[in-house]
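In case you want the letters, here they are:
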Amino acid sequence: MNNSTTALADPIAGDALTRPFTGASPYDSYVHASTLNSMQQPLTDAPDEMGFLVTTQVMELWFTLIVHEWRTARVAFAKDDLPSAMDALTRSRRTLTALNGSWAPIAALTPAQFNGFRAAFGKASGFQSAMYRHLEFLLGDKSAALLRAHRGDKAVHEALSENYRESSLYDEVLGFLYRQGLHVPMRVRERDVTEPYTGDPGVVEVWREIYSGPQHHPHLALGELLTDIAELVTRWRFEHVLVVRRAMGAKPGSAGSSGLAWLEQRAARPVFPELWEVRGDV
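Residues numbered from 1 in each chain as written. Predicted model: local features only at pLDDT ≥ 70, side-chain atom pairs only at ≥ 80, totals over all residues. Heavy atoms only, no water.

Chemist: What is the right way to look at the overall build of the protein in this model?
Modeler: Helix and strand content of the protein: 15 helices and 0 strands. Dimensions along the principal axes, computed over C-alpha positions, put the protein at roughly 70 × 50 × 40 Å. Here the protein, with 282 residues, has 41% of them falling under the buried criterion. In the protein, the share of contacts with a sequence separation of at least 24, taken over all contacts with a separation of at least 6, comes to 70%. Of the roughly 15,600 Å² of accessible surface on the protein, a fraction of 58% belongs to carbon and sulfur atoms. Treating the 28 positive side-chain charges of the protein as one cloud and the 33 negative ones as another, the clouds have centres 4 Å apart. (Helix = DSSP H or I, 4+ residues; strand = E, 2+ residues; numbered from the N terminus. Buried < 20%, exposed > 50% of the residue type's maximum accessible area, 1.4 Å probe, protein only. Contact = heavy atoms within 4.5 Å. Areas by Shrake-Rupley, 256 points an atom, 1.4 Å probe, with all protein chains shown as cover. Lys, Arg positive; Asp, Glu negative; His and termini not counted. Charge placed at Lys NZ, Arg CZ, Asp CG, Glu CD.)

Chemist: Would you take a moment to explain the packing of helix H5 (residues 82–101) against helix H13 (residues 218–248) for this structure?
Modeler: Axis angle and axis distance: for two packed helices, these are the angle between their axes and the distance between the axes, and together they describe the pair. Where H5 contacts H13, the axes come no closer than 10 Å and their chain directions differ by 25°. On the basis of the axis angle, H5 is roughly parallel to H13. H13 is crossed by H5, and the crossing has left-handed handedness. Listed contacts from H13 to Leu82, Met86, Leu89, Thr90, Ser92, Arg93, Leu96, Thr97, Leu99 and Asn100 of H5 are Pro218, Ala221, Leu222, Leu225, Leu226, Asp228, Ile229, Leu232, Val233, Arg235 and Trp236. (Axes fitted to C-alpha atoms, helices over the stretch in contact; angles between N-to-C directions. Parallel < 35°, antiparallel > 145°, perpendicular 65-115°, else oblique. Left-handed = near helix turned anticlockwise from the far one by under 90°.)

Chemist: What should I look at first to understand a nonpolar patch on the surface in this one?
Modeler: Where nonpolar side chains cluster on the molecular surface, the patch consists of Tyr27, Tyr30, Val31, Leu36, Met39 and Leu61 and spans about 660 Å² of accessible area. A total of 3 residues in the nonpolar patch trace back to one element, the largest contributor, which is helix H2 (residues 26–31). Considering the arrangement of structural elements, one finds Met39 in the loop between helix H3 (33–36) and helix H4 (49–78). (Patch = residues over 30% accessible without salt bridge, like charges linked within 9 Å, V, L, I, M, F, W, Y side chains within 5 Å. Salt bridge = Lys/Arg side-chain N within 4 Å of Asp/Glu carboxyl O.)

Chemist: Would you take a moment to explain unusual backbone geometry for this structure?
Modeler: What is expected of a backbone is that most residues other than glycine have negative phi and most peptide bonds are trans. A positive phi angle, near 60°, is found at His32, a position not held by glycine. By secondary structure assignment, the location of His32 is in the loop between H2 and H3. Of note in this structure, Phe272 is not a glycine but carries a positive phi near 50°. Within the secondary structure, Phe272 is located in the loop between helix H14 (260–267) and helix H15 (273–277).

Chemist: Looking at this structure, how should I read the nonpolar core?
Modeler: Most often, soluble globular proteins have nonpolar side chains that are buried together. Residues Trp70, Phe77, Leu89, Leu177, Trp207 and Leu222 are the most contacted members of the largest nonpolar core, which totals 62 residues. Secondary structure elements with two or more residues in this core: H4, H5, helix H6 (111–118), helix H7 (130–138), helix H10 (169–179), helix H12 (201–212), H13 and H14. Sorting elements by how many residues they give to this core places H13 first, with 14 residues. Beyond its immediate chain neighbours, meaning those up to four positions away, Phe77 contacts Leu82, Ala85, Leu89, Leu169, Glu172, Val173, Phe176, Arg179 and Leu222. (Core = buried A, V, L, I, M, F, W, Y, C linked by side-chain atoms within 4.5 Å.)

Chemist: Can you walk me through the pattern of salt bridges in this structure?
Modeler: Pairs can form between side chains of opposite charge once their charged atoms are near each other. Evaluation of the coordinates by the stated rule reveals 16 salt bridges. The partner of Asp200 in a salt bridge is Arg187, with the nearest N and O atoms 2.8 Å apart. Here the residue Asp200 occupies a position in the loop between helix H11 (186–189) and H12, and Arg187 occupies one in helix H11, the gap between them amounting to 13 residues. Among the residues examined, Arg187 registers a relative accessible area of 53% and is labelled exposed. Taken together, the shared-partner salt bridges connect Arg133, Glu136, Asp141, Arg237, Arg266 and Arg269 into one network.

Chemist: Looking at this structure, I do not really get H14. What am I missing?
Modeler: Residues spaced three or four apart along an α-helix face the same direction, because each turn holds 3.6 residues. Those residues of H14 lying buried are Leu260, Leu263, Arg266 and Ala267. Looking straight down H14, one finds that the buried residues subtend no more than 125° of arc, so they occupy a single side. Summarising the contacts, the buried residues of H14 are in contact with H7, helix H8 (144–148) and H13. (Arc of directions from axis to C-beta.)

Chemist: I keep staring at the packing of H13 against H14 and nothing clicks. Help me out?
Modeler: Here H13 crosses H14 at 165°, and the two axes come no closer than 9 Å. Overall, the two elements H13 and H14 adopt an arrangement that is roughly antiparallel. Judged by the twist between their axes, the crossing of H13 over H14 is left-handed. Mapping the contact onto sequence places Thr234, Arg237, Phe238, His240, Val241, Val244 and Arg245 in H13 and Leu260, Leu263, Glu264, Arg266 and Ala267 in H14. Across the contact of H13 with H14, the residue classes tally to 6 nonpolar, 2 polar and 4 charged. (Nonpolar A, V, L, I, M, F, W, Y, C, P; charged D, E, K, R; others polar.)

This is how it looks when you write it as structure tokens:
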């Protein structure tokens, strides 16, 4: 019998793979896996709490990567570097797909399973996530009230305040299109970027011109990539609604919000609204 498979699977004595590490392994020094794996600290004996903790922590990591990519894209648009911006947005699209898949471990929690550990996290709530707030601010969904909620943590509040005062990703997209010769209205280009972006008929006209033109133009490819991102963000929000509806129905949220009703309201907010409106006009 040929045992070559076994021979290949087992490292040879003295091989680099079997040599003792001096301190932490190079892998752990780079990835910090031991730190990550020490951060799951369930507060109950409920069997589903570990999955809830890991899922939430994984989502936080995906938020961090998405924010990183959107900031990279925002800088690239400000420099009129469309290829670099598109690369960053494409990477963020893949990350958003992974983020949406992260719901799977907790998507089917029953009310009894969720109640097995819900009381343990007290007033903690996902909407308190600072990194998700960065994500929404980058989308143009600014909120002074939600910013104020983080005043108790100086470093977090300062970082969010900076993002709050800066232009959103979409603001930079529209600035780029204006510099490319498209007629983005002055009222949009000079708007108060600390206010939530709500859409503008002049911007609808800009996208109408793009979508009515050559179907392989880079600007149309940009519009479709932004639409992909908007769709994935919206799907994540609605998936959140479904997970909450299945696990706790219409009960109030743990931090005092209206729970399901609040999530439904947030999920209904359009991302890059003109890109959806123009599709019925072309």
